[in-house]
Each structure stands twice: as C-alpha cells, then as structure tokens.
Number of protein chains: 2
Amino acid sequence: LDLDGRGALFEQLARALKRAILDGRLLANGRLPSTRFLAMRLGVSRNTVLGAYELLCAEQLAVAVPGSGTRVTATTRPPAKIPTKVLVSSKARAPSRYAARARRLGPGTLARAGRDLRYNLQYGEPLMSAPLFQAWRRKLAAAALSAGPGYPRPGGYLPLRAVICDYLARRRGVTCAEEDVLIVGGTQQAFTLAARVLLDEGDAVVLEDPHYEMALGTLRAHGARIVSTRVDAQGLVVHELPPRGPRLICVTPSHQFPSGEVMSFARRVELLDYAARQDSWILEDDYDSEFRYEGRPLPALRSLDLADRVIYVGSFSKTLFPSLRLAYMVCPAAIREDLFRAKRLDDLGSPAIDQAALAAFLRGRRFEKHLLKSISELRRRRQTLLEGLNGHIGTSIKIAGAAAGMHVVAWLRRLDYAGLSRLIAMAAERDLGLHPIHPYYRTPPLCPGLLLGFAGLPIAQLEKATALLSQCLTEVESTWPLSPQILALRANLGM
Amino acid sequence: LDLDGRGALFEQLARALKRAILDGRLLANGRLPSTRFLAMRLGVSRNTVLGAYELLCAEQLAVAVPGSGTRVTATTRPPAKIPTKVLVSSKARAPSRYAARARRLGPGTLARAGRDLRYNLQYGEPLMSAPLFQAWRRKLAAAALSAGPGYPRPGGYLPLRAVICDYLARRRGVTCAEEDVLIVGGTQQAFTLAARVLLDEGDAVVLEDPHYEMALGTLRAHGARIVSTRVDAQGLVVHELPPRGPRLICVTPSHQFPSGEVMSFARRVELLDYAARQDSWILEDDYDSEFRYEGRPLPALRSLDLADRVIYVGSFSKTLFPSLRLAYMVCPAAIREDLFRAKRLDDLGSPAIDQAALAAFLRGRRFEKHLLKSISELRRRRQTLLEGLNGHIGTSIKIAGAAAGMHVVAWLRRLDYAGLSRLIAMAAERDLGLHPIHPYYRTPPLCPGLLLGFAGLPIAQLEKATALLSQCLTEVESTWPLSPQILALRANLGM
C-alpha cells in the first residue's frame, strides 16, 4: 500500500485502499484485513485504520458486515478489458485565456482592509435599518406564495419589471417599457452581460479614471482593451475620448465613482453625440442617484438618448441592502434580445421569491418612505462628517463629491503619499479605518486623497471617527510638513 | 418639428421637442408654446401636447410654472463649441461573437409547448408541497436576520457550505471541505463558470447524446466545439470518446438526462481513467440523485476521483424548487481559485438571505423529512404513471430510466415519427401535454420516444393523463400501423 503523503494519515490510507479496489487488487465482495491486523502491519494506530474503513464505507466502496468485518462492495467490479490504473495526480493544462486574465487581476482594494476596526470609514457599508429589515422579512415571507416554485422567467418577474418602469418614470425621468427591463444579479452582472454581448477579445472599452474596480475586473477578464479617460469637475472629459469609437463606454454620470463629480449637462449631450457618431454603446451606472443633498438632479443619459445607445443600470444594493443582489438593466432595442439571451444562458434568471418580494416592496409606500428616511439619515451623517472635519476643510482638506451618495472624497492638500501612509497607519492604531482613493486611479493623482464612506456608521461613531481623523491629520502634518515648493505647485494647480 | 413615427403621437412630439431643446433651437429658460396654440398649429389634440409636455417635465427637461405655462429648464444649456445634433438612429455594429453564437441557438425545447394544457407531462415541473413552502417562508424570514445586509462572501455563505459538505458525506459519499464548495445560481451557472474558466473558442467539449439543452446552449455560446458521444444502457460509451482528450466532459452518471440510464461502475472507472490520462476535466451533474426507487446508488464519480479532475455539481432545484436558483460546485484544487474568481467577477456572489435560509433548512431535520416524503410521493406518482401505461408496456411502449428521478422515457415501439406527431397533436386536443425526447438528441433515435415528467401532476391527474395517453396511443397505432419490415428491424436492434 502506497501512502501519498497528502492530508491526514487515515485519508491517505483510505485513498491507497481505494486505489487497490479500483485497480482490482482488492476484489469485490472480498474481506478487508481486520483493523487490528492492518494497524500492526502498517505500524499505525488502530484508529487510523478504523477511520480509513469508515471513509470507504461512506463512499460506498466498502460495507461493514456486523460480526465479519468490512467487505469491498459487490458493485465495485473493475472493468475487464480496460486500463484501471487511475492516476493520483496529473499536471492540469493551463486554464482558459479568461481564467489566465482573471488570475492577473490581483486581490483588489475591496478586499477590505480595516474591517475589524471599530470606526471604519469604508465605502460600501450599507445604512443599517432594523425596521426596513423587519419589513423586508414580511415581504419575503409573503412573496414566497406569489412567486411560486417553478422556474422564473429568465428576463425577470414581470410585476417587478412593471414597478421598476413606474419608479424610473417618476423618479429618474427615464421612460421605458417592461420588456426593456432585464432583472440581473447586481450591477456586477450587468457589467458581465454587457461584456459578453458587446465585446470580443481586444475590443476597446472606455472606463472613467478613477473607476469602480470590479467593473474593470470583469471587463479585463473578458479581454477588453481598457482605455482610461480622465474625469474633471464636469465628469468624463469627452473631448479626450479616442478618435475611433470604443465598443463600450462605462460612466457614472449622476455621481462619478469614486470622485463624486456630477457630469454636466453639456458633457452628457456631448457624450451621447460621440457615441451615436462613433457607433459606441454607453453603460450608464446610476448606482446611487437616489441620494442627493444639493442642487437639482440632471436628466439621466438614458432619458436624453434619442439614438437608443444607452444601457441604463440601476441597483438596489444602495437603496435597500447589498446582500439582496438585485439590479436591473434598461436595454436598447438593438441589443435587448442579446442581453436577455445572455442572462438566460448564464443562470436561467434571478431568484423568483426575492424578485416578488422586491416588487411588493417597491409597490407599497414603504419603499419611498424608506428612501426619504434614508436620505435624511444620510444627510445627517454626511453633515456630521463634514462638521467633524471643519477645522481642516479649506486648509488641509479639500472636499469633493459631497452633493450626492454615501461617500465624499477628502483631498489631503498638505500631505504627500508617504504622509498618507503614515496617516492610515496611525489611524489604524487608534481603531479608525481610512481608505485611500488612489488605488481607484490608473495614474495616481498628484495629491493624495481619502474615500470617506459615511453610511455605515451611526452619528456618535462618526463624531468619534472624525475627531480621530482630525487628531491624526494634525499630528502627521506637523511631524512631516510638506515642502513649500510642493505646496506652491499644488496651489498653482488649484488643489 | 419632425415626428419620427415611432410609438404614440404624444411620445413622438415629446421626442421632437427634446431634439429641439438638445440642439439649442429651444433655449434654456425659454417658454414652450401654449398647449392650445401648438395643438392648433400641428393639427393634433390638445391632450397630445399636454402628454408631450408632461413627459418633458418627467424627464426634467422642462418645468411647469403655475400661471405662466411650461419652460425649458435652466440646466439644459447646449454646449457651445461641440456638435449637438444627436442622431435619432444609427446602425448598430454586429454584437460579439458570443452574442452571434447565442443568436443562432434557437428558442429551445424548454420553451414549454403545452404549458396551458390541463394534463401536462412536462419534465421540470416541481413537486408542489404546501407545507414545504410554509416552512421555507419561515426560514426565509428568520434568515434575513442571520445573513445581514452586507455584501455576501462571493464563494457563498460559509454555514451553507459547511452543511452541504456534511450532506454530501452522509448521502452521496462525497468528501470535501467547505473551501472546495462554491455556491452558484443554479446548475446553469455551474456550466457557465466551467465554460468560462476552462474553454477558449474552438476547444472541444464532450456532451452526452442525448443531453440537457441549456448546457449545450451556454457551452456553444462560449464557442465550444461540441463532441456528442453516445449513451447506451451503461451510460456514456467511454471507448467512443475522441482519441485526443477534450477540455471538458459533461456527464449525468446517476440518472442520465434525459435517457434516464445509470452509468455503470466499470464505465465510471473507465471515464476517470480517460480524463486523467487525457488531461480532461469532468463536470458531474448529479441533478436528481436524491430520488432513487430501485437498486443501490453507485458512488459518485467525484468520490472515485483520485486524480482530482471532477467538478461535482448538485442542485436544489429538484429537491426543493426551481425558483430558488441555488446550486453548488465541488471544485478540484487545481481550478478552485479560478472558479471562485469567475463567480466573483460575474455577480459578486449569490443572494445571502436565500443562502442563509437554505443553510437553516438543510441543518434542521425538516429537509431530510421533506426528502423522504418527496421520495415516497414521487414513487407513488411514478407507480401511477407506470400502472396507467401497463396495458402498453412490453408491447407498444418500452420504459427506460425509471430507476430514479422525476421522469421516465417511453419508447414508442410501434410508431414512426409521423405517428409521434399525430399522437402529440391528438393528445393536445384532449388537454394532454406530451413531450418528445428526440429534440434532446443530436441524431434522432431510430424509434420515437416521449419524455414523461411525473413530478408536476397529483395522482388523480396522472391517472387521467395516462388514460388519455393510452387511448390516443391505441387510436394512432390502429389507424397508422407500422410496416412489418420496420417492426422486424426494430426487433433485431432490441427495441
């Protein structure tokens, strides 16, 4: 018996016995040696042999016969004329090009540094609401009855699609029909389906710089050639788009992720014009447009889109909670069937009960009430954050992207990247989780910045967090002051 | 104003006005003509104009000012120096090669002919159980609390993965660790992820002939070169596999879909040996192994797999209900990280609450009780079906695949394909839904057959259904008898 050295001894022994059964050395119906005898012969404990026999019985290769030990089962006759030696290991061929590209992506910044810290200003943490959860539980239990047990419609539960149309028309000025709405498993699946339907390996895709890294991930894995395009205070810099149109342009016009800028009306029109002339598709990721604190919302790209080239994506990860994993795509007519087909081929459709619960939730007044409450709670948290940093804003901190959403960007005008590292390390020692913004950039910005998520912490904790941040900032700035030359350079550049 | 002729008149008018706003003919803050005036000028009803204005307001391009009509909103300044004419339509470029292949797939037999018929012997209809649903509702409501609102772990909810390991060890003799188990959105997503990770365009994949067509669909769309391999009474005919190993071999050893045959032990060993020698991966789709009526179960391929080349896929669509959309993959070590990564990139993970509910459900005694009840109910239904056809079995019907699962195959020994069509049409007229098996074959079998799903109909309806089937069969056989030559040929071939 050859032991292969992998795992516990009893597992090795079981595998060795299995090999002997499979290649016919131990015959069907034959008795296995007694545990006592085998243990002695192999110089192992009897428990090891007992464990191995138990494993063989569990795998239906052996059966314990009371009073007469363990026998090889009758079904395990090795085939007569074919080679029966099963290799224990074999070098696996390289995976697909997709898998190879995915391997190169790296772990990603969403890997959640600082998740164990008490005051974690992590973006993406949801606004917790116990009453919302209670309401959701009731809807779920009720929805199990209305959704039914059968295969769901691949494109999504029809009443949900209808209520989303109504919601979009009322709140986002996007008019569409039920048959244009495809229910998907989160914004991430929307990116994946768009990649599948629109991209061949090597096709160009424009991503904003900075951008949401998981979108980059699935596009890269699909073989897209990424063209990063700069974002300024007006949003995507359209006149810097490539002269030959890319297949797809991914944008976050209502609250650029993560810079927080809002795309101006002029840029919207300019982008639509570019896409129509260049035969490019636009994916409009409207991920947190529901939460707006200043100014009036601008019309969505999709509602200005006379050429029907915008795939509009909305999500419930921000308005309800991320564990829900439901989002929707409003599909242009020319590729609607392709997107629906890709969803059907990928997973036959999203879970029906969740969809039915969501439909009931959106239909009732509960959702809009929840939105109103969320907005006012988020506004309070945002205010707490900004007030807590007040002593630094305008001097050592420049705030951006505060008009909407669940995060703001704090540009650290008086620190360099070494200072940023010190700040983050010092904060972590004091139980404060800080997250830099530069990993979201293709080319790191001149001035370091923090992405401050304020949705996940209640007011009292936010007060503590901002006090800690102020403290650390003051200490780092006074211990490692920036040179006057760099300060002057930044001032010149408007930082 | 140019109306484009698409959709309702008020929508056309709204689009025309939108174009005028976007290209600057109607200026920001400018007043729109009064509805009365515009209606008169265009020769349309005033309601049409009112509708168009309402749409513009909904899309935030216009605003109604009480007492002074409707104005173009202030934000809608067209950009100064860029072309502003947005094209109304543009010829879309061809979609990706993936989308093009998906377009060629056709609608598929699962498109559910006969779904409106009263007695539909459709495979895939779940076994309905009101108490199960009640229990599921309670678990769902409770699970909302334990799962939490945050992003789920992409590989799946850990307690669910642990309970699946335990379940597999006890019931299927498959031993694995939590970290090998990937939770996916149904068996369909398992096929998709395997395709993504293992296949480049043009790579060979072995599918059983006959096979599950949605597996074929996603593999084809991914560009796989499909190698169909025959199934006989021992399962996949391994010695007919191609001399150069394919990348992937998809099999249903415990109950071949749809022929219902069980892969013999010898073939299992032979297949594992082939895969190890040829450097191929095996996807073992164990879709309904829980329901077995005759004989002892054979060990799963995965539990015989010493070379770690089997991706084992189990589903809850059959044991619970299809709308759940949850399945799991047991991943070989060499490609585990690749499969996990592909799931994360595709949709960030399956819904957490559903997973938590499932974990709780599987952990309790409720699930095994449900399984026992399901098996005995399915056994009764199967028995009703077989007894109802008793007068024909052995003469005009040969039953196959009745040892397990939720369907049997009825080979129609005395009909040709024209007779089959007549039988299906006659049955449909009498409210009986029959489903032929040959669409699942690459090369239609010599003798026509029916795929009879018995899970979806209660006993009384099954009795009625079989009586109708017997009646129709007798009538068709007596009106269009098969020629003695063909009967002799079939007898020679053992049909």
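Residues numbered from 1 in each chain as written. Chains lettered and ligands numbered in written order. Predicted model: local features only at pLDDT ≥ 70, side-chain atom pairs only at ≥ 80, totals over all residues. Heavy atoms only, no water.

Q: Is there a simple way to think about the overall build of chain A in this case?
A: The helix and strand tally for chain A stands at 16 helices and 15 strands. Taking 2.2 N^0.38 as the reference for a compact globule, 495 residues should give roughly 23 Å; the C-alpha atoms of chain A span a radius of gyration of 29 Å, well beyond that estimate. Projected onto its principal axes, the C-alpha coordinates of chain A cover approximately 85 × 60 × 50 Å. In chain A, which comprises 495 residues, the proportion classed as buried is 59%. Long-range pairs, those at least 24 residues apart, make up 72% of the contacts in chain A with a sequence separation of at least 6. With 66 positive and 46 negative side-chain charges, chain A shows a spacing of 7 Å between the two charge centroids. (Helix = DSSP H or I, 4+ residues; strand = E, 2+ residues; numbered from the N terminus. Rg over C-alpha atoms; globule rule 2.2 N^0.38 Å. Buried < 20%, exposed > 50% of the residue type's maximum accessible area, 1.4 Å probe, protein only. Contact = heavy atoms within 4.5 Å. Lys, Arg positive; Asp, Glu negative; His and termini not counted. Charge placed at Lys NZ, Arg CZ, Asp CG, Glu CD.)

Q: Got a minute to help me understand the relation of the copies chain A and chain B in this structure?
A: In this arrangement, two copies of a chain are superimposed by a rotation about an axis accompanied by a shift along the axis. Each copy of the sequence occupies a distinct position, and chain A is placed on chain B by a rotation of 180° and an axial shift of 0.1 Å, giving an RMSD of 0.1 Å. One copy is carried onto the other by what is essentially a two-fold rotation axis. Taking C-alpha positions as reference, the residue of chain A nearest the rotation axis is alanine 141 of chain A, located at 3.0 Å. When the interface residues of chain A are mapped onto chain B, 100% of them again fall at the interface, so both copies present the same face. (Least-squares fit on C-alpha atoms with pLDDT ≥ 70 in both.)

Q: Sorry if this is basic, but what is going on with helix α14 (residues 417–429) of chain B here?
A: Residues that lie three or four places apart on an α-helix share one face, since the helix turns once every 3.6 residues. Residue and element names in this part refer to chain B. The first and last C-alpha atoms of α14 sit 19 Å apart over 13 residues, in line with the 18 Å expected at 1.5 Å per residue. All of the buried residues in α14 are Gly419, Leu420, Leu423, Met426 and Ala427. In an axial view of α14, the angular spread of the buried residues amounts to 135°, which keeps them on one side of the axis. On the buried face of α14, the contacting elements are β13 (407–412), β14 (432–433), β15 (449–453) and α15 (459–479). Once α14 finishes, aspartate 431 follows within two positions and takes phi at roughly 70°, a positive value. (Expected span 1.5 Å × (residues − 1). Arc of directions from axis to C-beta.)

Q: Can you walk me through the packing of aromatic side chains in this structure?
A: The description of an aromatic ring pair uses the distance of the two centres, along with the angle that the planes make with each other. Counting across every chain of the model gives 24 aromatic pairs over all chains. A ring pair is formed by tryptophan 136 of chain A and phenylalanine 321 of chain A, whose centres lie 5.7 Å apart and whose planes are at 85°; its orientation type is edge-to-face. Here tryptophan 136 of chain A, found in helix α5 (residues 130–147), pairs with phenylalanine 321 of chain A, found in the loop between β10 (310–315) and β11 (327–330); they are 185 residues apart in sequence, far enough to count as distant. As far as burial versus exposure is concerned, tryptophan 136 of chain A and phenylalanine 321 of chain A are alike and both buried. Ring centres 5.5 Å apart and planes at 70° place the aromatic pair tryptophan 136 of chain B and phenylalanine 361 of chain B in the edge-to-face group. On the criterion of sequence distance, the pair formed by tryptophan 136 of chain B in helix α5 (residues 130–147) and phenylalanine 361 of chain B in helix α12 (residues 352–363) is long-range, its members being 225 residues apart. Overall, the relative accessible area of 1% leaves tryptophan 136 of chain B in the buried class. (Phe/Tyr/Trp six-rings, centres within 6.5 Å; stacked < 30°, edge-to-face > 60°.)

Q: Sorry if this is basic, but what is going on with a nonpolar patch on the surface here?
A: Residues Leu446, Leu489 and Leu493 of chain A make up a contiguous nonpolar surface patch of about 300 Å² in total accessible area. The residue leucine 493 of chain A is located in the segment after α16 (484–492) in this model. (Patch = residues over 30% accessible without salt bridge, like charges linked within 9 Å, V, L, I, M, F, W, Y side chains within 5 Å. Areas by Shrake-Rupley, 256 points an atom, 1.4 Å probe, with all protein chains shown as cover. Salt bridge = Lys/Arg side-chain N within 4 Å of Asp/Glu carboxyl O.)

Q: Could you clarify how one ought to interpret the sheet that holds strand β5 (residues 204–209) of chain B in this entry?
A: Sheet strands pair by backbone hydrogen bonding; their relative direction is either parallel or antiparallel. All names here are of chain B. Spatially, the eight strands line up as an open sheet ordered β4-β11-β10-β9-β8-β5-β6-β7, and their pairing is mixed. Single-partner strands in this sheet number two, and they are β4 (181–184) and β7 (235–236). As judged from the four bridges shared by strand β10 (residues 310–315) and strand β11 (residues 327–330), these two strands associate in the antiparallel manner. Its bridge partner being in β11, valine 313 is matched across the sheet by methionine 329. (Pairing = 2+ DSSP bridges.)

Q: For this particular structure, what's the right way to read the pattern of salt bridges?
A: It is possible for side chains bearing opposite charge to pair when their charged atoms get close. Per the stated rule, a full pass over the model turns up 38 salt bridges over all chains. The partner of arginine 97 of chain A in a salt bridge is glutamate 201 of chain A, with the nearest N and O atoms 2.8 Å apart. Of the two residues, arginine 97 of chain A sits in helix α4 (residues 97–103) while glutamate 201 of chain A sits in the loop between α7 (187–198) and β5 (204–209), which places them 104 residues apart along the sequence. By relative accessible area, glutamate 201 of chain A is classed as partly exposed at 32%. Its salt-bridge partner being glutamate 475 of chain B, residue arginine 430 of chain B comes within 3.0 Å of it at the nearest N-O pair. Taken as a pair, arginine 430 of chain B in the loop between α14 and β14 and glutamate 475 of chain B in helix α15 lie far apart in primary sequence, 45 residues in all. Take arginine 430 of chain B: its relative accessible area is 29%, and that puts it in the partly exposed class.

Q: Just checking my understanding: could you explain the sheet that holds strand β15 (residues 449–453) of chain A for this structure?
A: All names here are of chain A. The three strands are arranged β12-β13-β15 in an open sheet whose pairing can be described as antiparallel. Edge positions in the open sheet fall to β12 (397–400) and β15, since each of these has one partner strand only. Strand-to-strand twist of the sheet, defined as the mean angle between neighbouring strand axes without regard to direction, takes the value 25°. Sheet topology places β12 next to strand β13 (residues 407–412); four bridges connect them, and they run antiparallel. In the sheet register, lysine 398 faces β13, and the bridge partner there is tryptophan 411. (Axes fitted to C-alpha atoms, helices over the stretch in contact; angles between N-to-C directions.)

Q: I tried to follow the confidence of the model for chain A on my own but got confused; where do I start?
A: Regions with low pLDDT should not have their predicted coordinates read in detail. Residue and element names in this part refer to chain A. In the predicted model, chain A carries a mean pLDDT of 88, and the fraction of residues at 70 or more is 94%. Within the model, the stretch residues 80–90 combines pLDDT values under 50 with 25 contacts to residues more than four positions away or in other chains. We note a pTM of 0.88 for the whole complex and an ipTM of 0.88 for its interfaces. (pLDDT = per-residue confidence, 0-100.)

Q: I keep staring at the nonpolar core and nothing clicks. Help me out?
A: In a soluble, globular protein the nonpolar side chains are often hidden away together inside. Core analysis: the largest hydrophobic core is formed by 163 residues, its most contacted members being Tyr328, Leu423 and Leu452 of chain A together with Tyr328, Leu423 and Leu452 of chain B. Those residues in contact with leucine 423 of chain B, other than ones at most four positions away along the chain, are Leu412, Leu415, Leu434, Leu450, Leu469, Cys472, Leu473 and Val476 of chain B. (Core = buried A, V, L, I, M, F, W, Y, C linked by side-chain atoms within 4.5 Å.)

Q: Any chance you could explain the side chain of arginine 382 of chain B here in plain terms?
A: All names here are of chain B. Within the fold, arginine 382 resides in helix α13 (residues 366–388). A relative accessible area of 5% means that arginine 382 is categorised as buried. Leaving out residues up to four positions away in the same chain, arginine 382 has contacts with Tyr293, Glu294, Ala402 and Phe454.

Q: Looking at this structure, how should I read the interface of chain A and chain B?
A: Across the boundary between the two partners, chain A contributes 119 residues, which contact 119 residues of chain B. When chain A packs against chain B, the two sides together hide about 10,100 Å² of surface, and 58% of this comes from carbon and sulfur. Seen at the junction of chain A and chain B, the total is six salt bridges. Among the salt bridges present, the one from aspartate 346 of chain B reaches arginine 196 of chain A, with a minimum N-O distance of 3.7 Å. For the pair chain A and chain B, the interface holds 28 residue pairs in polar contact (both at pLDDT 80 or more). In terms of residue count, the dominant contributor to the side of chain A that touches chain B is α5 of chain A (nine residues). When grouped by side-chain class, the residues that make up the side of chain A that touches chain B number 60 nonpolar, 27 polar and 32 charged. (Buried area = accessible area lost by both parts, 1.4 Å probe. Polar contact = N/O pair within 3.5 Å; in protein donor to acceptor, adjacent residues only side chain to side chain. Nonpolar A, V, L, I, M, F, W, Y, C, P; charged D, E, K, R; others polar.)

Q: Where do I start with the packing of helix α1 (residues 9–22) of chain A against helix α3 (residues 46–58) of chain A in this structure?
A: Helix packing geometry: the angle between the two helix axes and the distance between the axes. All names here are of chain A. Where α1 meets α3, the closest approach of the two axes is 8 Å, and the angle between their N-to-C directions is 50°. Judged by the inter-axis angle, α1 sits oblique to α3. Read as a crossing pair, α1 and α3 show a hand that is right-handed. Judged by residue contacts, Leu9, Phe10, Glu11, Leu13, Ala14, Leu17, Lys18 and Ile21 of α1 engage Thr48, Val49, Gly51, Ala52, Tyr53, Leu55 and Leu56 from α3. (Parallel < 35°, antiparallel > 145°, perpendicular 65-115°, else oblique. Left-handed = near helix turned anticlockwise from the far one by under 90°.)

Q: When you look at the packing of helix α6 (residues 158–171) of chain B against α12 of chain B in this model, what are you seeing that I'm missing?
A: All names here are of chain B. Taken N-terminus to C-terminus, the directions of α6 and α12 make an angle of 35°; their axes are 8 Å apart at the nearest point. Between α6 and α12 the crossing geometry is left-handed. On the side of α6, the interface is formed by Pro159, Leu160, Val163 and Ile164, while α12 contributes Gln355, Leu358, Ala359, Leu362 and Arg363.

Q: Can you help me understand the pairing of strand β4 (residues 181–184) of chain A in this one?
A: Each regular strand shows side chains that alternate between the opposite faces of the sheet. Residues and elements named next belong to chain A. Burial along β4 is two-sided: the face carrying Val181 and Ile183 and the face carrying Leu182 and Val184 are both buried. Inspection of the sheet shows β4 paired to β11 by four bridges, in the antiparallel sense. Opposite valine 184, over in β11, you have alanine 327 as the bridge partner.

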